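Structural characterization, general
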Amino acid sequence: MSQPTIVVTGAAGNLGKAVVQKFATEAYKVYALVHSISQIDAWKNLSVTQLPTDLLNEQHCETSIQAIIAETQNIDVAVLTAGGFVMGTIAETDLNKMQQQLALNFETAYNIARPVFLQMLKQKKGHLFLTGSKAGLNTQHAKGVTAYGLSKSLLFRLAEIMQAEANGTQVQIHVIVPNIIDTPQNRAAMPNADFSKWTLPETIADKIYAIVHSNSMEPMVMMV
Ligand SMILES: NC(=O)c1ccc[n+]([C@@H]2O[C@H](COP(=O)([O-])OP(=O)(O)OC[C@H]3O[C@@H](n4cnc5c(N)ncnc54)[C@H](OP(=O)(O)O)[C@@H]3O)[C@@H](O)[C@H]2O)c1
C-alpha cells in the first residue's frame, strides 16, 4: 500500500505542529503548509515537506494543492488549522475588523478546502477537518467576540454544504471545536487560569488520527 498523504495548514502553529508530528510519526507523508519555511527540529527525521503558501492567495493555494496531487495522486486527509482570534463587541467591530476575521478564519480555510474537496470527490474518499470554535458553533459564546464568532460559524455551514455535495461517497467533513488549547500564548494571556483544564494540542491531534482510523462513516463536530 502506498504511503498515505495529509495536508496541514497553519502547520507551524500550536495545533498544526502537533498534527504534523502525530501523522508523520504514524508514517504519513505530510505536506505542511506554512507562511514561510523555518527550521523545525522535531520534523527533521520525518516525512514532512514544508510548502510556503499564502492562504489568503487563492491562486497560490491552488498551485500548492495541485503540486501535492501531482506528486501523490491522492490526498487522504487534510487538517486546516490556520485561523485566529480577536475580541470585540458589535460596537467595537467595524467592517474592517470583520473582514480581517473573515479572511483569517474563513478565506484561509476555503482557499484550501475547495481544491482539496474537489480532489477528494474524485477519489470518492477522504477526511477533511476544519477548525471551528465554540463561539462559531453556538452564538451564545460569541458575545464580545463578534467577528471571531461569525467568521468561525461559516466553517460549520461550509462543512454541511460540502457533506451534502459528497453524499454517496466516502468523503467525510469534520469540524474540530477546541475549548481552550494549552498554548504559550494562552498561558501568557491568562496566567491565573487552571492550565490543567485546557486541552493539549497533542490530545487534539491524537483524536483526529483516531477518527481517521476508525471505521465510522459519521461526519462529526468534534468537541475537544
Ligand atoms: N488556541 C485556542 O485556544 C483556540 C481555541 C479555539 C479555536 N482555536 C482555533 O484553532 C486553530 C489553531 O489555533 P492555534 O493556537 O494553533 O493557532 P496559531 O498557533 O496562531 O497557528 C495559526 C497558524 O496559521 C498560520 N496562518 C495564518 N494566516 C495565514 C496565511 N494567510 N497564510 C499562511 N499561514 C497562515 C499562522 O502563521 P503565522 O504565525 O506565520 O501568521 C500560524 O502558523 C485556529 O483556527 C484557532 O482559531 C484555537
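Residues numbered from 1 in each chain as written. Predicted model: local features only at pLDDT ≥ 70, side-chain atom pairs only at ≥ 80, totals over all residues. Heavy atoms only, no water.

Inspection of the region around the ligand gives 24 residues, with Leu 15, His 35, Thr 81, Lys 152 and Asn 186 positioned closest. Within the side chain of His 35, one N or O atom sits 2.8 Å away from an oxygen atom of the ligand. For the ligand, a nitrogen atom lies 3.0 Å from a polar atom in the backbone of Leu 55. For the ligand, the protein covers 77% of the area, taking 900 Å² as the surface of the free molecule. If you list the elements that add at least two residues to the shell around the ligand, you get helix H1 (14–25) and helix H5 (146–165). (Near = heavy atom within 4 Å. Polar contact = N/O pair within 3.5 Å; in protein donor to acceptor, adjacent residues only side chain to side chain. Areas by Shrake-Rupley, 256 points an atom, 1.4 Å probe, with all protein chains shown as cover. Helix = DSSP H or I, 4+ residues; strand = E, 2+ residues; numbered from the N terminus.)

Turning next to the packing of aromatic side chains. For the structure on display, the rule yields six aromatic pairs. Taken together, a centroid distance of 4.8 Å and an interplanar angle of 80 degrees make the contact between Phe 85 and Tyr 148 edge-to-face. Linking Phe 85 in the loop between strand S4 (77–80) and helix H3 (95–123) with Tyr 148 in helix H5, this pair joins segments that are 63 residues apart in sequence. An aromatic cluster of three or more residues is present, and its members are Phe 23, Tyr 28 and Tyr 209. Between the NZ or CZ atom of Lys 22 and the centre of the ring of Tyr 209, over which it lies, the distance is 4.9 Å. (Phe/Tyr/Trp six-rings, centres within 6.5 Å; stacked < 30°, edge-to-face > 60°. Lys NZ or Arg CZ within 6 Å of the ring centre and 35° of its normal.)

Quick look at unusual backbone geometry now. Peptide bonds are, in most cases, trans, and in most cases residues other than glycine have a negative phi. For Ala 27, which is not glycine, the phi dihedral falls at a positive 75 degrees. Along the polypeptide, Ala 27 turns up in the loop between H1 and strand S2 (29–34). Residue Lys 124 is not a glycine yet carries a positive backbone phi of 65 degrees. With respect to the element layout, Lys 124 can be found in the loop between H3 and strand S5 (125–131). Its relative accessible area of 53% is what places Lys 124 among the exposed residues. (Buried < 20%, exposed > 50% of the residue type's maximum accessible area, 1.4 Å probe, protein only.)

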